[in-house]
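Summary of structural features
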Amino acid sequence: GAVVSQHPSWVICKSGTSVKIECRSLDFQATTMFWYRQFPKQSLMLMATSNEGSKATYEQGVEKDKFLINHASLTLSTLTVTSAHPEDSSFYICSALVPSAMTDTQYFGPGTRLTVL
Amino acid sequence: GQQVMQIPQYQHVQEGEDFTTYCNSSTTLSNIQWYKQRPGGHPVFLIQLVKSGEVKKQKRLTFQFGEAKKNSSLHITATQTTDVGTYFCAGLWEYGNKLVFGAGTILRVKS
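Predicted model, so just to flag it, every value in this text is computed and none were measured. (Residues numbered from 1 in each chain as written. Chains lettered and ligands numbered in written order. Predicted model: local features only at pLDDT ≥ 70, side-chain atom pairs only at ≥ 80, totals over all residues. Heavy atoms only, no water.)

**Observations concerning the overall build of chain A**
A count of helical and extended segments in chain A gives 0 helices and 11 strands. Counting from the amino terminus, chain A carries its helices and strands in the arrangement β-β-β-β-β-β-β-β-β-β-β. Here the C-alpha radius of gyration of chain A, 14 Å, is about what a compact globule of 117 residues would show, namely 13 Å. The buried share among the 117 residues of chain A stands at 49%. (Helix = DSSP H or I, 4+ residues; strand = E, 2+ residues; numbered from the N terminus. Rg over C-alpha atoms; globule rule 2.2 N^0.38 Å. Buried < 20%, exposed > 50% of the residue type's maximum accessible area, 1.4 Å probe, protein only.)

Structure below.
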């Protein structure tokens, strides 16, 4: 099956710094990737849709200037949390869309746990 | 916006008992997917249901998609301690590729 990796798997940073998270599709090309956020004991909330070669589409309530998404190649999307604050501490998960004849399938990365001190 | 309601929020069963979680959408879905997330882990894809009335089985897990493609269920027969985790359904609507996740059902199994 399709494999998606994320790096780093966890990161601790100081308040006010920026953190970059990478999402890679390892054995396929992904024109579309998604970024989710999951707070403890909650469900996954879609933050944005990342499209290769174009601007990301952000969900309502997600600040595009704070969560910068770059999908520069068919196998890599990055999420940069700028000027991180403790309330940004969360589990960030990406997924990559694999189109198929029947219906598209998303494959999820292992997630990145961000802790902002 | 589009939502998927999932119940129950939490279920604690004795090992060997059955478990069911239900998902419901107010509008017709294109497909529904099920994921399992172990404590501290990430969601792992279990299955995708596309056809109206579809039933799929994976060992002790039975997945159903309603005739109207608005509801779905996951049933686990004779739970084991390895079944512990949170089970999420996620709906996909026609003309879109955004998955909307249900709130999840936390399953605890007492041995």
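Now that the structure has been shown, we can carry on.
**A short note on the pattern of salt bridges**
Opposite charge on two side chains lets them pair, provided their charged atoms get close. One pass over the full model with this rule turns up 5 salt bridges over all chains. Here Lys66 of chain A makes a salt bridge to Asp88 of chain A, at a shortest N to O gap of 2.9 Å. A residue pair is termed long-range when its members are at least 10 positions apart, and Lys66 of chain A in the loop between strand E6 (57–58) and strand E7 (67–73) and Asp88 of chain A in the loop between strand E8 (76–81) and strand E9 (90–98) qualify at 22 residues. Here the two residues Lys66 of chain A and Asp88 of chain A agree in accessibility, since each one is buried. Across the pair Arg60 of chain B and Asp83 of chain B runs a salt bridge, and its minimum N-O distance is 2.9 Å. (Salt bridge = Lys/Arg side-chain N within 4 Å of Asp/Glu carboxyl O.)

**Side note on unusual backbone geometry**
Along the chain, His7 of chain A connects to Pro8 of chain A via a cis peptide bond; the corresponding omega equals 0°. Its place among the elements puts Pro8 of chain A in the loop between strand E1 (4–7) and strand E2 (10–13). Positive phi outside glycine occurs at Ser83 of chain A, with the angle close to 45°. For Ser83 of chain A, a relative accessible area of 33% translates into the label partly exposed. Residues other than glycine seldom take positive phi values, yet Lys59 of chain B does so here, at roughly 55°. Tracing the backbone shows Lys59 of chain B in the loop between strand E6 (55–58) and strand E7 (61–65).

**Remarks on the packing of aromatic side chains**
Evaluated as defined, the whole model comprises 10 aromatic pairs over all chains. Measuring from centroid to centroid gives 5.8 Å for Phe108 of chain A and Phe101 of chain B, while their planes differ by 80°, and the two rings are edge-to-face. One end of the pair, Phe108 of chain A, is in strand E10 (residues 105–108); the other, Phe101 of chain B, is in strand E10 (residues 100–101), on a second chain. When its relative accessible area of 10% is taken as the criterion, Phe108 of chain A is described as buried. With a centroid separation of 5.4 Å and an interplanar angle of 45°, the aromatic rings of Tyr35 of chain B and Phe101 of chain B are classed as tilted. Placement of the pair is Tyr35 of chain B in strand E4 (residues 31–37) and Phe101 of chain B in strand E10, with a sequence separation of 66 residues. (Phe/Tyr/Trp six-rings, centres within 6.5 Å; stacked < 30°, edge-to-face > 60°.)

**What about the environment of Gln58 of chain B?**
Residues and elements named next belong to chain B. With respect to the helices and strands, the residue Gln58 is situated in strand E6. Between the C-alpha atoms of Gln58 and Ile76, which are 18 residues apart in sequence, the distance is 9.5 Å. Leave out the neighbours within four places in its chain, and Gln58 touches Leu46, Ile47 and Phe63. A distance of 2.7 Å separates a polar side-chain atom of Gln58 from the backbone oxygen of Leu46. (Contact = heavy atoms within 4.5 Å. Polar contact = N/O pair within 3.5 Å; in protein donor to acceptor, adjacent residues only side chain to side chain.)

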